[in-house]
Amino acid sequence: MLIFYTMGIAEALHNVREKIVNAAVKAGRSPDEIKLVAVSKTVDIKSIKEAVRSGVSILGENKVQEAVGKITEFRATSPFIQGVIGGVEWHFIGNLQKNKAKTAVGLFDLIHSVDSVSLAEELNRCSGSMNKVQRVLVQVKLSDETAKHGIKEEEVIGLLEKVSKMDYLRLDGLMTIPPFSEDSELARPYFIRLRRLAEKARTRGFNIAHLSMGMSNDFEVAIEEGATMVRVGSAIFGERNY
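In short, a report on the structure.

A count of helical and extended segments in the protein gives nine helices and eleven strands. Its C-alpha atoms give the protein a radius of gyration of 17 Å, within 12% of the compact-globule value 18 Å for 242 residues. Referenced to the eigenvectors of the C-alpha coordinate spread, the extents of the protein come out at roughly 45 × 40 × 35 Å. Across the 242 residues in the protein, those meeting the buried criterion constitute 49%. In the protein, once contacts between residues fewer than 6 apart in sequence are set aside, the share between residues at least 24 apart is 67%. As displayed, the protein has an accessible area near 11,600 Å², and 49% of this comes from carbon and sulfur atoms. On the protein, the mean spot of the 33 positive side-chain charges and the mean spot of the 31 negative ones are 4 Å from each other.

Moving on: unusual backbone geometry. Phi is positive for Thr42, close to 70 degrees, though the residue is something other than glycine. Mapped onto the elements of the fold, Thr42 is located in the loop between strand E2 (35-39) and helix H2 (45-53). Phi is positive for Asn131, close to 55 degrees, though the residue is something other than glycine. Here Asn131 lies in the loop between helix H5 (117-129) and strand E6 (134-141). Its relative accessible area of 66% is what places Asn131 among the exposed residues.

We now examine the pairing of strand E4 (residues 89-92). Of the pairings in the sheet, the one linking strand E3 (residues 58-61) to E4 comprises four bridges and is parallel in character. Considered in E4, the bridge of Glu61 is made with Phe92. In the sheet, E4 pairs with strand E5 (residues 110-114) via two bridges, with the strands oriented parallel. Bridge assignment links His91 to a residue of E5, and that residue is Leu110. What joins E4 to E5 is helix H4 (residues 101-107), and the crossover it makes is right-handed.

What follows deals with helix H3 (residues 64-77). Taking 1.5 Å as the rise per residue, H3 with 14 residues should run 20 Å; its terminal C-alpha atoms sit 20 Å apart, in good agreement. Regarding H3, the residues found buried are Val64, Ala67, Lys70, Ile71 and Phe74. Summarising the axial view, the buried residues of H3 lie within an arc of 125 degrees, below the 170-degree limit, and thus occupy one face. The exposed set on the far side of H3, more than 90 degrees from its buried face, consists of Gln65 and Ala76. Contacts from the buried residues of H3 go to H2, E3, E4 and H4.

On to helix H1 (residues 9-26). An ideal rise of 1.5 Å per residue puts 26 Å on 18 residues; H1 measures up with 26 Å between its terminal C-alpha atoms. If you check which residues of H1 are buried, you get Ile9, Ala12, Leu13, Val16, Ile20, Ala23 and Ala24. For H1, the arc enclosing every buried residue in end-on projection is 110 degrees, short of the 170-degree limit, so these residues lie on one face. Opposite the buried face of H1, at more than 90 degrees from it, the exposed residues are Val25 and Lys26. The elements touched by buried residues of H1 are E2, H2, helix H8 (219-224), strand E10 (229-232) and helix H9 (234-237). Positive phi shows up at Gly28, right after H1, with a value of about 70 degrees.

In a soluble, globular protein the nonpolar side chains are often hidden away together inside. Grouped together as the largest cluster of nonpolar side chains are 68 residues, with contacts concentrated most on Leu160 and Leu174. Broken down by element, this core gets its largest block of residues, six residues, from H1. When neighbours within four sequence positions are excluded, Leu174 is seen to be in contact with Leu137, Val138, Val140, Val156, Leu160, Leu194, Leu197, Ala198, Ile208, His210, Leu211 and Ser212.

Calculation criteria
Residues numbered from 1 in each chain as written. Predicted model: local features only at pLDDT ≥ 70, side-chain atom pairs only at ≥ 80, totals over all residues. Heavy atoms only, no water. Helix = DSSP H or I, 4+ residues; strand = E, 2+ residues; numbered from the N terminus. Rg over C-alpha atoms; globule rule 2.2 N^0.38 Å. Buried < 20%, exposed > 50% of the residue type's maximum accessible area, 1.4 Å probe, protein only. Contact = heavy atoms within 4.5 Å. Areas by Shrake-Rupley, 256 points an atom, 1.4 Å probe, with all protein chains shown as cover. Lys, Arg positive; Asp, Glu negative; His and termini not counted. Charge placed at Lys NZ, Arg CZ, Asp CG, Glu CD. Pairing = 2+ DSSP bridges. Right-handed = clockwise from strand over helix to strand, strands pointing away. Expected span 1.5 Å × (residues − 1). Arc of directions from axis to C-beta. Core = buried A, V, L, I, M, F, W, Y, C linked by side-chain atoms within 4.5 Å.

See below:
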């Protein structure tokens, strides 16, 4: 599996950060409010280390099996990366199957994709067995696309209530993935809906510190609508050749 680069990772990362700053300022927000999750799926460990050396502090993976080897190798060699020791977070951003929950809890600092009570219960059980409080986001499905995962909008509050009562899960916010389009403006209504859903949840006392929304093609619009985490892969590492 090859990845092709149109520019160096450091330069691409600089461009992404510049766009984050500009989008935040345009929206009257502080750029410090936005966390960049560099999506490293299919990316080799050498390129990941180059990104970290260039300032990436959060890495996102969407397949547990692929992440195991990468994270194990990275953690074993990270002392050789200046200023990185203990400073990199790994986030799981893909669809998580219950049979992978234990492995995910052992690997990831934050899981973005809790979309059912049964998955939350399994994560809570696994976290308890490791005496770990696992940070999670609830993934919301706001489109009709069958390929998209997430809980229905009208069922979100019920799931938040369940998660908030679990001893070994810490609810940190919401996540969504809008339908892909070359026109980033078409994603805006989905980002607005998630923001409004977050506002509703906060009025009911839920901890919605983060909104994870926006990817390489639409993260600037997501920031304008309140994103606190943007998941950017190809704009940093180059287009993937699957």
